[in-house]
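# Overview (structure and organization)
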Amino acid sequence: MIQFCDFNLAAPLQDAVRRMGFEHPTPIQTQAIPPALQGLDIVGCAQTGTGKTAAFLLPSLNALLSNKSKNKNSRMLVLVPTRELALQVGDHAKQLARQTGLKVAVVYGGVGMQDQERALRAGADVVVATPGRLLDHINRNTACFEHLSILVLDEADRMLDMGFLPDIRRVLRVLPPSARRQTLLFSATMPPYILALTREVQRNPVKVEVAVARPPEAIDQKLYPVPKHLKVNLLLHLLNHHKMTSVLVFTRTKHGADNLVKKLKQAGVKAATIHGNRTQGQRVAALEGFRQGHYRVLVATDIAARGIDVEGISHVLNFDAPGVAEDYVHRIGRTARAEASGDAITFITPADEPMVQSIQRLIGRKLERCNAPGFDYGVEAPSYAKPSVAELQRQYATPRTTSQRWSQMLGGRRRR
Ligand code: AMP
């Protein structure tokens, strides 16, 4: 088995790996680090939870350390889709770079520009950024990438899903051309539009891949069939009767997330929410409170949850089934991080059955079904008005295009 010492990384990086408690490289690290250390372009198919962040940070930081160039400004750029992921990758980079003297700046929207401007002007070797805010800095001349030698596109599929391709192209225009930089691209899925992007930004990339979209075996996955109107009651029942210490709950819409938190609080459960309508301060406070155990439940939407890396999440609970099967894998990957164990529970209504089929096809196995007595399909509460077929189709149709997906995530409203 390959060890971290086999990579011959600079001593401060080896120390950092030890300090962070990484005993062995994960499969994506074993595959990606050697060619990346040779300066080759890499296209990596790996989801979060596989150790992909260190897979691109370690060889890149090593290269920055061995290149004694006098100009240290913005030599490496990591583009990520969300502010949460920017903070998480920035944090990872700072931890790994702690004893190296390399500086890291993190740049994302939703907060003031000044602190970020100061960090960029002071000179940062590594810039971790979301594309929109980075463009603001480029337009104000506070970010300049003429000395850039390494570009990383992290969660590339999600960046394109979120409509960042035009912004990414604008950023690429101010970077040295692909022949004069190393480009590392990571994506959880490899649809044709990602392969087209790699052709646009890379030169003969080495392909590395860890078992595509298969959730870690350590996650115990269960389906709970439940009529829609009993979902909250079932959640409260499970919270009362099971040892669920730290639960990340996914809803399909922001409105649904707010509603659920309200009901949980009314029932005396300490809960917070994180979604696109919350301010950056509110998101950080919710995440920090969850991380420190002040909240037992954190309710999130898919996009906001991107980049949530909290150790010790005991359960991921899909209150609403995901809109696309790949999101199921992203969601449940939040528990059982690295090598811990965890549980994933998915509430399903009859309309979710086609999605269950897609998920089972994607992960290559059948999911176990549990019936919580009193909450399963057999129960008809007086208030339960049976939705029409048209209503069910509107609510639960699997989105086929990005705009349908956005529209569904935004609760049927058009994005402005
Ligand atoms: P990532 O896929 O980069 O989001 O990493 C998921 C989690 O795994 C993070 O909490 C990392 O700190 C952790 N991790 C990364 N590499 C290793 C490793 N070699 N051994 C143990 N944990 C790791």
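Above: the structure in question.
All values reported here derive from a predicted model rather than from experimental measurement.

### Some thoughts on the packing of aromatic side chains
Going through the model one piece at a time under the given rule, you end up with five aromatic pairs. With a centroid separation of 6.4 Å and 65° between ring planes, the pair formed by Tyr224 and Phe347 is classed as edge-to-face. Of this pair, Tyr224 sits in strand 8 (residues 219-225) while Phe347 sits in strand 13 (residues 342-348), and the two are 123 residues apart along the sequence. Across the pair, exposure class does not vary: Tyr224 and Phe347 are buried alike. Aromatic ring contacts, followed pair by pair, group Phe4, Phe7 and Phe22 into a single cluster.

### Focus: the environment of Val17
Residue position: Val17 is located in helix 1 (residues 11-19). Remark: the alpha-carbon pair of Val17 and Phe4, spanning 13 residues in sequence, is separated by 8.0 Å. Excluding residues that lie within four positions of it along the chain, Val17 makes contacts with Phe4, Phe22, Leu58 and Leu96.

### Remarks on the site of the ligand
The ligand sits among 17 residues. The nearest are His24, Gln29, Gly49, Gly51 and Thr53. One of the backbone N or O atoms of His24 is found 2.8 Å from a nitrogen atom in the ligand. Within the contact set of the ligand, an oxygen atom lies 3.4 Å away from a backbone nitrogen or oxygen of Lys52. Of all the elements in the fold, those that place two or more residues in the shell around the ligand are helix 3 (52-66) and helix 4 (83-96). Among the residues making up the shell around the ligand, the classes are represented as four nonpolar, 10 polar and three charged.

### Quick word on the sheet that holds strand 8
Adjacent strands of a sheet pair through backbone hydrogen bonds, lying either parallel or antiparallel. On the basis of which strands lie adjacent, the open sheet formed by seven strands has the order 10-11-9-12-13-8-14 and parallel pairing. Either end of the sheet is taken by a strand with one partner, and the two such strands are strand 10 (271-274) and strand 14 (368-369). In this sheet, strand 11 (residues 297-300) lies alongside strand 10 in parallel orientation, the contact comprising four bridges. Looking at strand 11, one finds that Thr273 is bridged to Val299. Packed onto the sheet, helix 14 (residues 325-332) meets strand 8, strand 9 (247-250), strand 12 (315-318) and strand 13 and runs at close to 150° relative to strand 12.

Rules behind the numbers
- Residues numbered from 1 in each chain as written.
- Predicted model: local features only at pLDDT ≥ 70, side-chain atom pairs only at ≥ 80, totals over all residues.
- Heavy atoms only, no water.
- Phe/Tyr/Trp six-rings, centres within 6.5 Å; stacked < 30°, edge-to-face > 60°.
- Helix = DSSP H or I, 4+ residues; strand = E, 2+ residues; numbered from the N terminus.
- Buried < 20%, exposed > 50% of the residue type's maximum accessible area, 1.4 Å probe, protein only.
- Contact = heavy atoms within 4.5 Å.
- Near = heavy atom within 4 Å.
- Polar contact = N/O pair within 3.5 Å; in protein donor to acceptor, adjacent residues only side chain to side chain.
- Nonpolar A, V, L, I, M, F, W, Y, C, P; charged D, E, K, R; others polar.
- Pairing = 2+ DSSP bridges.
- Axes fitted to C-alpha atoms, helices over the stretch in contact; angles between N-to-C directions.

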